[in-house]
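# Working through the structure, step by step
Spelled out, the chains give:
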Amino acid sequence: GVSVQYSLLQTELCEEVPMRLSTDVGLLFSPVDKLLMGVLIMDFPSFYIEKSMIDTKEFSMYAVQIGFQWQIINSLLIVGTLETNKADVLGGNVGMEYMPFEGFRLRAGIRTTPLLPALGMGYSFSKFTLDVVASYHPVLGIHFKKKIGYETNVYKFVNNPVYKRL
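Presented here is an overview of the structure given in this document.

Right, let's talk about the overall build of the protein chain for a bit. Counting its regular elements, the protein chain contains 0 helices and 11 strands. Of the regular secondary structure in the protein chain, the N- to C-terminal order runs β-β-β-β-β-β-β-β-β-β-β. Looking at the protein chain as a whole, 23% of its 166 residues are labelled buried. At a minimum sequence separation of 6, the contacts of the protein chain that also span at least 24 residues come to 26%. As displayed, the protein chain offers around 11600 Å² of accessible surface, 67% of which is attributable to carbon and sulfur atoms.

Below is the structure:
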């Protein structure tokens, strides 16, 4: 797949606005049933539409990600990514989701650079989803997030279990 983004950054100090057009290029494939793998190059190529003189660092010019999603059994999903970009040499995350019964999910994950663990749970009923997560940051401490969502089924792939909303 390919996507195109228009990025806009406004600085509080100078009130100048650099604008950039970028492209993301990715490849997604499923070598075996219930295993999904992908490669993504974000912000490649990218160029400035208007470049102003500012004292802040410029946008990161690229990021490369490889990832996987593996549904080991019908109720257990493991996901992970490795990423490299201009700021971090190598970073990544890994997570898992367990569905003990229909509509209820338990989640755990960890991200590197810095080390950020998270625990969460979600419940789906009808077309609504309620998610709650607690994450830890070494400087900011514990942070709680809540999300209520509504599914529109516009882009849902119903017949393939790998692509179903998790």
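From this point, the narrative continues.
Moving on to unusual backbone geometry. Although it is not a glycine, Lys34 adopts a positive phi angle of roughly 70°. With respect to the element layout, Lys34 can be found in the loop between strand E2 (19–29) and strand E3 (35–42). Residue classification places Lys34 among the partly exposed residues on the basis of a relative accessible area of 22%. Residues other than glycine seldom take positive phi values, yet Ser126 does so here, at roughly 55°.

Okay, the side chain of Glu83 next. Structurally, Glu83 can be placed in strand E6 (residues 76–85). It turns out Glu83 is buried and unbridged, and the closest side chain with the opposite charge, Arg111, is 4.1 Å from it. Within the structure, the side chain of Glu83 is placed 3.1 Å from the side chain of Gln65, a separation counted as a polar contact. In terms of polar contacts, Glu83 uses its side chain to reach the side chain of Asn85, at 3.3 Å.

This part covers the packing of aromatic side chains. Scanning all chains against the criterion turns up 4 aromatic pairs. Ring geometry for Phe101 versus Phe104: centroids 5.3 Å apart, planes at 10°, classification stacked. Taken together, the ring pairs in this structure connect Tyr123, Phe125, Phe128 and Tyr150 into an aromatic cluster.

Regular strands have side chains that alternate between both faces of the sheet. Judged from the 8 bridges that link them, E3 and strand E5 (residues 63–73) form a sheet pairing that is antiparallel. Looking across to E5, one finds that Met42 is bridged to Ala63. When E5 meets E6, the two strands line up antiparallel, connected through 10 bridges. Along E6, the bridge assignment pairs Gln69 with Val79. In textbook terms, the turn of a hairpin is the stretch between consecutive antiparallel strands, and for E5 and E6 this stretch comprises 2 residues.

Close approach of charged atoms allows side chains with opposite charge to pair. On inspection of all chains with the given rule, the structure shows 4 salt bridges. Of the charged contacts, one joins Glu97 and Arg105 as a salt bridge, the two residues approaching to 3.5 Å between their closest N and O atoms. Each member of the pair, Glu97 as well as Arg105, is classed as buried. Its salt-bridge partner being Glu97, residue Arg107 comes within 2.7 Å of it at the nearest N-O pair. Separated by 10 residues along the polypeptide, Arg107 in strand E8 (residues 104–111) and Glu97 in strand E7 (residues 91–101) bring together distant segments of the chain. Since its relative accessible area comes to 24%, Arg107 is described here as partly exposed. A relative accessible area of 11% places Glu97 in the buried class. Several salt bridges converge on common partners, so that one network encompasses Glu97, Arg105, Arg107, Asp131 and Lys147.

Cut-offs and rules
- Residues numbered from 1 in each chain as written.
- Predicted model: local features only at pLDDT ≥ 70, side-chain atom pairs only at ≥ 80, totals over all residues.
- Heavy atoms only, no water.
- Helix = DSSP H or I, 4+ residues; strand = E, 2+ residues; numbered from the N terminus.
- Buried < 20%, exposed > 50% of the residue type's maximum accessible area, 1.4 Å probe, protein only.
- Contact = heavy atoms within 4.5 Å.
- Areas by Shrake-Rupley, 256 points an atom, 1.4 Å probe, with all protein chains shown as cover.
- Lys, Arg positive; Asp, Glu negative; His and termini not counted.
- Salt bridge = Lys/Arg side-chain N within 4 Å of Asp/Glu carboxyl O.
- Polar contact = N/O pair within 3.5 Å; in protein donor to acceptor, adjacent residues only side chain to side chain.
- Phe/Tyr/Trp six-rings, centres within 6.5 Å; stacked < 30°, edge-to-face > 60°.
- Pairing = 2+ DSSP bridges.

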